[in-house]
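# A closer look at the structure
Here is how the chains run, residue by residue.
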Amino acid sequence: MGYDLRINMSIFNKISSQILLDLDDLEGDYRSSSLSVDKAQSILFLLIAAIGIMGMFAVDHLMFAARPDPFWRTVIYRGGFVLFTLVIIFAIHKTDLVRVFDRLILGWLSVLIVFLLLFNFARPANYLATVSDIITVFAVYVLSPLRFRQNVVLAVCFSIGTVFINYFMKTDVDPVSLRVAIMSQFVVHALGAGAALQLQSYRRSFYKAFVDERDAKEMVAYLANIDPLTKSLTRRQLFSIAESEFLRYVRYHRSLSILVIDADRFKNINDSYGHHAGDIVLRSLSLVALEQKRAQDTFGRLGGEEFGLILPETALEQAKIVAERIQKTWEQSPVNLDGKLIHSTVSIGVAEANPDDKSLEDILRRADRMMYKAKEAGRNCVVTE
Ligand code: GH3
Ligand code: MG
Ligand code: MG
């Protein structure tokens, strides 16, 4: 039973999250990227509301023509609210934060509702009041459609409040207009909710397009920087990171070491087992090196069967230990190709940046020279400066 309930709840959650899209479900960067559009729309909406409220001065004037006292009181109420709206518009215009924007809208709606409920005490319960209530409920739903659950609460509170005031607090209410008022509240809740969900579904499709485009961009960037065969960084990306590490070295004088790793007698491997097997061995070598390197190190393919490893904050002695670890691990990791074990080794040259280095190439050249010394020394070894 409990199990069934859990399943049902999770189905309910799934369906409700399909229909309802709350702000928290949207990623922050998407909301930030669409904030200027949201701001422009809300400012327009609030301006129209302010103009509408000021337009009501004329209605008040007609209604209270013979009674200047209530007329001026409503002018002050409405004027105050219009001023408040202008302040909110200014604050929305100024803010660059999604959270602040949301709070401003919520604040404005809440004050609007309290203001109208207070206003309902004072004014006669007639069709005009009913129309104003309908507009209010609709506004609550559509002004911030992403805050659906919160809008339902606000709008329902308003409806209950306004019906309560008209039903219990007034004696002169015409029963037909009261029934119309109540029925119209039901209708406008349905319409408002429908409109908000429709607006949400537009937002959802914009959001999906946004996420797809961002994912595609990330994928393109990723593919451009990753060597497809060995899954290590491309030469270009390796150099780009190495350049910035070199600049950091120049500026802060932290140690920086570079390893050049070259597969030994790789031509023989290709000749003996075929080019495809050679590819698999290269990929395997790359994965072993990627496993052995530390998180802050950068490993990439310099070209062919040659790789580079950039070790920031690392002096020569420490770099040598890393190099030996890679060399030993690789020596002991034969590649199993259809049951055949392919043994291979690497020669590694290590160089550390020194004050005479004018560019990254200077260090790389020395590391390369050390790598050739390792070849001359019989291969499968590490040579440092
Ligand atoms: P050494 O120990 O002196 O480095 O000998 P070596 O045979 O490794 O050196 P050499 O530079 O003469 O040859 C490199 C070989 O690596 C030749 C080339 O076919 C092979 N190679 C380079 N890139 C790839 C690749 O992507 N896949 C395969 N299968 N082989 C490659
Ligand atoms: Mg080689
Ligand atoms: Mg080579």
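If you're wondering where the values come from, they're calculated on a predicted model, not measured in any experiment.

Definitions and cut-offs
- Residues numbered from 1 in each chain as written.
- Chains lettered and ligands numbered in written order.
- Predicted model: local features only at pLDDT ≥ 70, side-chain atom pairs only at ≥ 80, totals over all residues.
- Heavy atoms only, no water.
- Helix = DSSP H or I, 4+ residues; strand = E, 2+ residues; numbered from the N terminus.
- Rg over C-alpha atoms; globule rule 2.2 N^0.38 Å.
- Buried < 20%, exposed > 50% of the residue type's maximum accessible area, 1.4 Å probe, protein only.
- Contact = heavy atoms within 4.5 Å.
- Areas by Shrake-Rupley, 256 points an atom, 1.4 Å probe, with all protein chains shown as cover.
- Lys, Arg positive; Asp, Glu negative; His and termini not counted.
- Charge placed at Lys NZ, Arg CZ, Asp CG, Glu CD.
- Donors = N, O, S within 2.8 Å, 3.2 Å for Na, K, Ca; no water.
- Phe/Tyr/Trp six-rings, centres within 6.5 Å; stacked < 30°, edge-to-face > 60°.
- Domains from an automatic or database assignment.
- Near = heavy atom within 4 Å.
- Polar contact = N/O pair within 3.5 Å; in protein donor to acceptor, adjacent residues only side chain to side chain.
- Nonpolar A, V, L, I, M, F, W, Y, C, P; charged D, E, K, R; others polar.
- Salt bridge = Lys/Arg side-chain N within 4 Å of Asp/Glu carboxyl O.
- Core = buried A, V, L, I, M, F, W, Y, C linked by side-chain atoms within 4.5 Å.
- Patch = residues over 30% accessible without salt bridge, like charges linked within 9 Å, V, L, I, M, F, W, Y side chains within 5 Å.
- Pairing = 2+ DSSP bridges.
- Axes fitted to C-alpha atoms, helices over the stretch in contact; angles between N-to-C directions.

### A few points about the overall build of the protein chain
Assigned secondary structure in the protein chain consists of 13 helices and seven strands. For a compact globule of 385 residues, the expected C-alpha radius of gyration is about 21 Å, and the protein chain comes in at 36 Å, more than 25% above that figure. Reported as C-alpha extents along the three principal axes, the dimensions of the protein chain are approximately 110 × 60 × 30 Å. Classification of the 385 residues of the protein chain by burial places 44% in the buried group. Long-range pairs, those at least 24 residues apart, make up 72% of the contacts in the protein chain with a sequence separation of at least 6. Approximately 21,200 Å² of the protein chain is accessible, and the part contributed by carbon and sulfur atoms is 64%. The average position of the 43 basic charges and that of the 42 acidic charges among the side chains of the protein chain differ by 4 Å.

### Section: the coordination of the magnesium ion (ligand 3)
Surrounding the magnesium ion (ligand 3) are the protein donor atoms D262 (OD) and E305 (OE), which sit 2.3 to 2.4 Å from the metal. Look at D262 and you get buried, because its relative accessible area is 6%. Among the residues examined, E305 registers a relative accessible area of 22% and is labelled partly exposed.

### Overview of the packing of aromatic side chains
According to the stated counting rule, one finds six aromatic pairs in the structure shown. On the basis of an interplanar angle of 45 degrees and a centroid distance of 6.2 Å, the ring pair of Y141 and F148 is categorised as tilted. The residues Y141 and F148 share a single accessibility class, namely buried. On the basis of an interplanar angle of 15 degrees and a centroid distance of 5.2 Å, the ring pair of F299 and F307 is categorised as stacked. On the basis of relative accessible area, F299 is assigned to the buried category, the value being 3%.

### Observations regarding the coordination of the magnesium ion (ligand 2)
The magnesium ion (ligand 2) binds to the protein through D262 (OD), A263 (O) and E305 (OE), with metal-donor distances spanning 1.9 to 2.2 Å. Spacing between the donor residues of the magnesium ion (ligand 2) along the chain follows D-A-x41-E. Between the magnesium ion (ligand 2) and the magnesium ion (ligand 3), a spacing of 3.6 Å is present, and a bridge between the two is formed by D262. Residue D262 is located in strand β1 (residues 256-263), and its partner E305 is located in the loop between β2 (298-303) and β3 (306-312); the two are separated by 43 residues in the primary sequence.

### Thoughts on the domain arrangement of the protein chain
For the protein chain, the assigned domains read domain 1 (2-33 + 97-217) and domain 2 (235-384). Computed over C-alpha atoms only, the centres of domain 1 and domain 2 are separated by 61 Å.

### Some words on the site of ligand 1
Taken together, 17 residues form the shell around ligand 1, and within it R265, F266, D279, R301 and R379 come nearest. D279 places a side-chain nitrogen or oxygen 2.6 Å from a nitrogen atom of ligand 1. K375 places a polar side-chain atom, nitrogen or oxygen, 2.9 Å from an oxygen atom of ligand 1. Only β1, α10 (266-273) and α11 (275-292) provide two or more residues apiece to the shell around ligand 1. With four residues, the top contributor of residues to the shell around ligand 1 is α11. When its residues are assigned to classes, the shell around ligand 1 shows four nonpolar, four polar and nine charged.

### Regarding the pattern of salt bridges
Inspection of the entire model under this criterion finds 14 salt bridges. Between R203 and D38 there is a salt bridge, with its nearest N and O atoms 2.8 Å apart. Placement of the pair is R203 in helix α8 (residues 175-225) and D38 in helix α3 (residues 35-63), with a sequence separation of 165 residues. Overall, the relative accessible area of 14% leaves R203 in the buried class. When the shortest N-O distance is used, the salt bridge between R254 and E313 registers 3.2 Å. Here the residue R254 occupies a position in the loop between α9 (235-252) and β1, and E313 occupies one in the loop between β3 and α12 (316-331), the gap between them amounting to 59 residues.

### A closer look at the nonpolar core
Judged by nonpolar contacts, the single largest core of 34 residues is most densely connected at L46, I92, W108, L109 and Y141. For this core, the element with the most residues is helix α5 (residues 98-122), which contributes 11 residues. Here L109 is in contact with A139, V140, L143, S144, N151 and L154, once residues within four sequence places are set aside. Formed by 28 residues, the second largest nonpolar core is a distinct cluster that contains L282, A289, L311 and W330.

### What to know about a nonpolar patch on the surface
A surface patch of nonpolar side chains, amounting to about 770 Å² of accessible area, comprises V114, L118, F121, F164, Y167, F168 and M169. The residue M169 is located in the loop between α7 (148-168) and α8 in this model.

### Structural notes on the sheet that holds β2
The strand order across the open sheet formed by five strands is β2-β3-β1-β6-β7, and the pairing between neighbours is mixed. On the outer flanks of this sheet lie β2 and β7 (382-384), each paired with one strand and no other. Sheet twist, expressed as the average angle between the axes of neighbouring strands with direction ignored, equals 20 degrees. Contacts from α11 reach β1, β2, β3 and β6 (346-352) within the one sheet, and its direction differs from that of β2 by about 155 degrees.

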